[in-house]
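# Examining the three-dimensional arrangement
Residue-level listing of the chains:
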Amino acid sequence: MQFPELQYDFEYSVAEIDEDIAIAYTDDGNKESKEVLLFIHGLASYLPAWSKVIPLLKNHFRCIAIDLPGYAKSSAGVHSGSMLFYADAISKFTHKLNLQKVSLVGHSMGGHISITTAITYPKLIDKLILLAPAGFETFTDDEKAWIKKNNSPELYALLSEKQIRFNYEINFFAMPNDVESMVNDRIKMMGWKNYKDYCKIVSNSLNGLLDYPVFDKLNLITQPTLVLFGKNDRLIPNTILHKNITAEEVALAGSKQIPNSNLSLIDQCGHFLQFEKPESVSREIIEFMRGQ
């Protein structure tokens, strides 16, 4: 377990998917439902990222949320952070739990992972729900090199409490008060024994995003897809490299590449859609799942 010190205020289970990887997860909602929503968090995030939408969805679907390997309550240590590694882990997890009719709900990096999984294991995934997915924004080789230069485990390890708080604030149009528990968890992590490994995971995962671009593969997605973006996203597009591009333009460009997709833009909403506008996000998901 990467952070045994971390305290969750809800029950969770752990699935051993192979001899090296274990995945912590919650399993809520309608166990009789044939439709399973599998929630995949973003970079430097964790399972509680879904704590505000699952209560709104669990009466309709079986809702399973995971900590990705290397995060929070899942297996400790350092791995490659590659998108194919994560896709393989999700494939093994679904087989371990014998899940059928799985729809992936991926946020940010989790969206990129969901896209990779849907393309790599098309028979495994029924539908895709992408919340501000990484992978829609494209980068030149020079831009990738600049990002990698500013992406190192050492830099993450040196972040101050003030910087950590700012990194949360820019995820929102207006940061909700109940984000405070996440901020506090993140600050506590700095004093825990596996923090350096965690920083390596975050750095490796960002490199993994850059090394496995999916924009040119979006046309290979065969699943019905819902794309949700906050109109006021301050993380996508990159505000330093792509100052003259809007979140709406990124969302439109990516969704147009997916053959069977619906796009919805949410007003007064930033990058962390499911935490800032849980009611709107849940309503969109229910309508999408019921309409297909």
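One can find the structure itself at the top, above this paragraph.
All values reported here derive from a predicted model rather than from experimental measurement.

## Thoughts on the overall build of the chain
Scanning the chain from terminus to terminus reveals 11 helices and eight strands. Split into buried and exposed, the 292 residues of the chain put 56% on the buried side. When contacts within the chain are restricted to residue pairs at least 6 apart in sequence, those whose partners lie at least 24 apart make up 78%. Here the chain displays about 12900 Å² of accessible surface, and carbon together with sulfur accounts for 48% of that area.

## Brief notes about the side chain of Asn194
Following the sequence through the fold, Asn194 ends up in the loop between helix 7 (180-189) and helix 8 (195-211). Assessed through its relative accessible area of 14%, Asn194 is described here as buried. If we skip the residues at most four places from it in the chain, Asn194 touches Met1, Gln2, Phe3 and Ala76.

## Points about unusual backbone geometry
The omega torsion of the bond from Ile236 to Pro237 falls at 0 degrees, within 30 degrees of zero and hence cis. Position of Pro237 among the secondary structure elements: in the loop between strand 7 (225-230) and helix 9 (247-257). In this model, Ser108 sits at a positive phi of 55 degrees, which is unusual for a non-glycine residue. A relative accessible area of 14% means that Ser108 is categorised as buried. Of note in the backbone geometry, Ala132 takes a positive phi value of approximately 45 degrees without being a glycine. Relative to the assigned elements, Ala132 resides in the loop between strand 6 (125-131) and helix 4 (141-149).

## Here we look at the pattern of salt bridges
Two side chains bearing opposite charge may form a pair once their charged atoms approach each other closely. Scanning the entire structure with this criterion turns up 11 salt bridges. A salt bridge links Lys52 to Asp178, with the nearest nitrogen and oxygen atoms 3.1 Å apart. Of this pair, Lys52 sits in the loop between strand 3 (36-40) and helix 1 (54-57) while Asp178 sits in the loop between helix 6 (161-169) and helix 7, and the two are 126 residues apart along the sequence. The salt bridge partner of Lys127 is Asp126, with a shortest N-O separation of 3.0 Å.

## Examining helix 7
Listed as buried for helix 7 are Met182, Val183, Asp185, Arg186, Ile187 and Met189. On its buried face, helix 7 is in contact with helix 5 (153-157), helix 6, helix 8 and helix 10 (273-276).

## Focus on the environment of Val183
Locating Val183 in the fold gives a position in helix 7. Residue Val183 is classed as buried on the basis of its relative accessible area of 0%. C-alpha separation for the pair Val183 and Ala49, spaced 134 residues apart in sequence, amounts to 12 Å. Setting aside residues up to four positions removed in sequence, Val183 forms contacts with Arg165 and Tyr168.

## Structural notes on a nonpolar patch on the surface
A surface patch of nonpolar side chains, about 240 Å² in accessible area, is lined by Met1, Tyr12 and Val14. On the secondary structure map, Val14 appears in strand 1 (residues 13-16). Residue Val14 is classed as partly exposed on the basis of its relative accessible area of 40%.

## Observations concerning the packing of aromatic side chains
Under the criterion given, the structure shown has 13 aromatic pairs. Note on Phe39 and Trp50: the rings are 5.0 Å apart at their centroids and 55 degrees apart in plane angle, and the pair reads as tilted. Within this pair, whereas Phe39 is found in strand 3, its partner Trp50 is found in the loop between strand 3 and helix 1, the two being separated by 11 residues in sequence. The residues Phe39 and Trp50 share a single accessibility class, namely buried. Each residue in the set Phe3, Tyr71, Trp192, Tyr195 and Tyr198 is aromatic and connected to the rest through ring pairs, giving one cluster. We note Lys52 situated over the ring of Phe275; from NZ or CZ to the ring centre the distance is 4.4 Å. Residue placement shows Lys217 over the ring face of Tyr212; its charged tip is 4.6 Å from the ring centre.

## Structural notes on the packing of helix 6 against helix 7
Running from amino to carboxyl end, helix 6 crosses helix 7 at an angle of 140 degrees, the nearest separation of the two axes being 10 Å. With respect to their mutual orientation, helix 6 and helix 7 come out oblique. Where helix 6 crosses over helix 7, the handedness of that crossing is right-handed. On the side of helix 6, the interface is formed by Glu161, Ile164, Arg165 and Tyr168, while helix 7 contributes Glu180, Met182, Val183, Arg186 and Ile187.

What counts, and where the lines are drawn
- Residues numbered from 1 in each chain as written.
- Predicted model: local features only at pLDDT ≥ 70, side-chain atom pairs only at ≥ 80, totals over all residues.
- Heavy atoms only, no water.
- Helix = DSSP H or I, 4+ residues; strand = E, 2+ residues; numbered from the N terminus.
- Buried < 20%, exposed > 50% of the residue type's maximum accessible area, 1.4 Å probe, protein only.
- Contact = heavy atoms within 4.5 Å.
- Areas by Shrake-Rupley, 256 points an atom, 1.4 Å probe, with all protein chains shown as cover.
- Salt bridge = Lys/Arg side-chain N within 4 Å of Asp/Glu carboxyl O.
- Patch = residues over 30% accessible without salt bridge, like charges linked within 9 Å, V, L, I, M, F, W, Y side chains within 5 Å.
- Phe/Tyr/Trp six-rings, centres within 6.5 Å; stacked < 30°, edge-to-face > 60°.
- Lys NZ or Arg CZ within 6 Å of the ring centre and 35° of its normal.
- Axes fitted to C-alpha atoms, helices over the stretch in contact; angles between N-to-C directions.
- Parallel < 35°, antiparallel > 145°, perpendicular 65-115°, else oblique.
- Left-handed = near helix turned anticlockwise from the far one by under 90°.

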